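# Residue-level structure breakdown
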Amino acid sequence: ALQEIIQHTITRGGRLIIPAFAIGRVEEVLYWIRRLEQERRIGVHPVYLDSPMANEALVYYRQRRRSLDSDMHSDAEPTGRFTAIASPQQSKDLMKAGFPCIVISSSGMATGGRVLHHLKFGLPDPRNTVLFVGFQSEGTRGRQLLDGAREVKIHGQMIAVGARIER
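Remember, predicted model here, so these are calculated numbers, not experimental data.

Those residues of helix H4 (residues 88-96) that fall on the buried side of the exposure criterion are Ser 91, Leu 94 and Met 95. Seen end-on, H4 carries its buried residues on one side only, within an arc spanning 100 degrees.

Moving on to the packing of helix H1 (residues 2-11) against helix H2 (residues 25-38). Where H1 meets H2, the closest approach of the two axes is 11 Å, and the angle between their N-to-C directions is 75 degrees. Between H1 and H2, the angle is such that the two are roughly perpendicular. From H1, Leu 2, Gln 3 and Ile 6 reach across to H2, where they touch Trp 32, Ile 33 and Leu 36.

Where two aromatic rings form a pair, the distance of their centres and the angle of their planes describe that pair. The full count for this structure, using the stated rule, is 2 aromatic pairs. Measuring from centroid to centroid gives 5.0 Å for Tyr 31 and Trp 32, while their planes differ by 85 degrees, and the two rings are edge-to-face. Residue Trp 32 is classed as partly exposed on the basis of its relative accessible area of 37%.

So, on to the side chain of Arg 141. With respect to the helices and strands, Arg 141 occurs in helix H6 (residues 141-146). Although Arg 141 is buried, it makes no salt bridge; Glu 151 carries the closest opposite charge, 12 Å away. Here the side chain of Arg 141 touches Ala 110 through a polar contact of 2.5 Å, landing on its backbone oxygen. Setting aside chain neighbours within four positions, we find Arg 141 in contact with Met 109, Ala 110, Thr 111, Leu 116, Val 152, Lys 153 and Ile 154.

We now examine the sheet that holds strand S4 (residues 101-105). Strand pairing in a sheet relies on backbone hydrogen bonds. The paired strands run either parallel or antiparallel. Strand order in the open sheet formed by 6 strands is S3-S2-S4-S1-S5-S8, and the pairing between neighbours is parallel. Two strands lie at the open edges of the sheet, namely strand S3 (81-84) and strand S8 (164-166), each paired on one side alone. Within this sheet the neighbouring strands show an average axis-to-axis angle of 20 degrees, counted without direction. Bridge analysis of strand S2 (residues 46-50) against S4 gives 4 bridges, and the strand direction is parallel. If you follow Leu 49 over to S4, its bridge partner there is Ile 104. Docked against the sheet, H2 engages strand S1 (15-19), S2, S3 and S4, running at close to 160 degrees with respect to S4.

Definitions and limits used
Residues numbered from 1 in each chain as written. Predicted model: local features only at pLDDT ≥ 70, side-chain atom pairs only at ≥ 80, totals over all residues. Heavy atoms only, no water. Buried < 20%, exposed > 50% of the residue type's maximum accessible area, 1.4 Å probe, protein only. Helix = DSSP H or I, 4+ residues; strand = E, 2+ residues; numbered from the N terminus. Arc of directions from axis to C-beta. Axes fitted to C-alpha atoms, helices over the stretch in contact; angles between N-to-C directions. Parallel < 35°, antiparallel > 145°, perpendicular 65-115°, else oblique. Contact = heavy atoms within 4.5 Å. Phe/Tyr/Trp six-rings, centres within 6.5 Å; stacked < 30°, edge-to-face > 60°. Lys, Arg positive; Asp, Glu negative; His and termini not counted. Salt bridge = Lys/Arg side-chain N within 4 Å of Asp/Glu carboxyl O. Polar contact = N/O pair within 3.5 Å; in protein donor to acceptor, adjacent residues only side chain to side chain. Pairing = 2+ DSSP bridges.

Right under this line is the structure:
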């Protein structure tokens with residue numbers, strides 16, 4: 001399913017926005033993207049991690065890589081074209097970039113964090129896809145989107161939903 005979602009989004013010239021929990025889920029998503037690349041089931045596309053907490057956790061995982069499963073021991077980046085976004089300015093610059101890419105950002109239920117800026121920017125565009133990879137509690141923005149909301153409130157503004165929403 002992840003392969004199809006990535007291919008479909010990139011082929012349309014869109015960006016795949018993945019709201020993800022900063023600890024554990026981000027690393028799992030990066031693992032599966034890398035595996036799809038290594039198996040040549042998807043091309044190597046730009047992947048951005050825009051979450052200060054997830055970036056710190058990724059450093060921790062890298063330092064303790066030998067304690068993980070053997071297929072996690074590689075010294076390579078999590079994906080072929082991986083970039084960790086460090087500053088709010090880099091995050092804003094990424095939103096302005098007009099090329100297809102994958103953006104992973106916190107929070108996993110789209111209730112706060114930098115992912116809100118990516119959603120605000122990306123939801124109206126039908127070329128984009130928002131992929132939820134974790135549980136979405138009732139009353140959260142993530143659940144609203146999965147339940148088919150045609151617009152959601154972000155930072156006090158109603159944002160139209162034109163993007164494809166996936167689970």
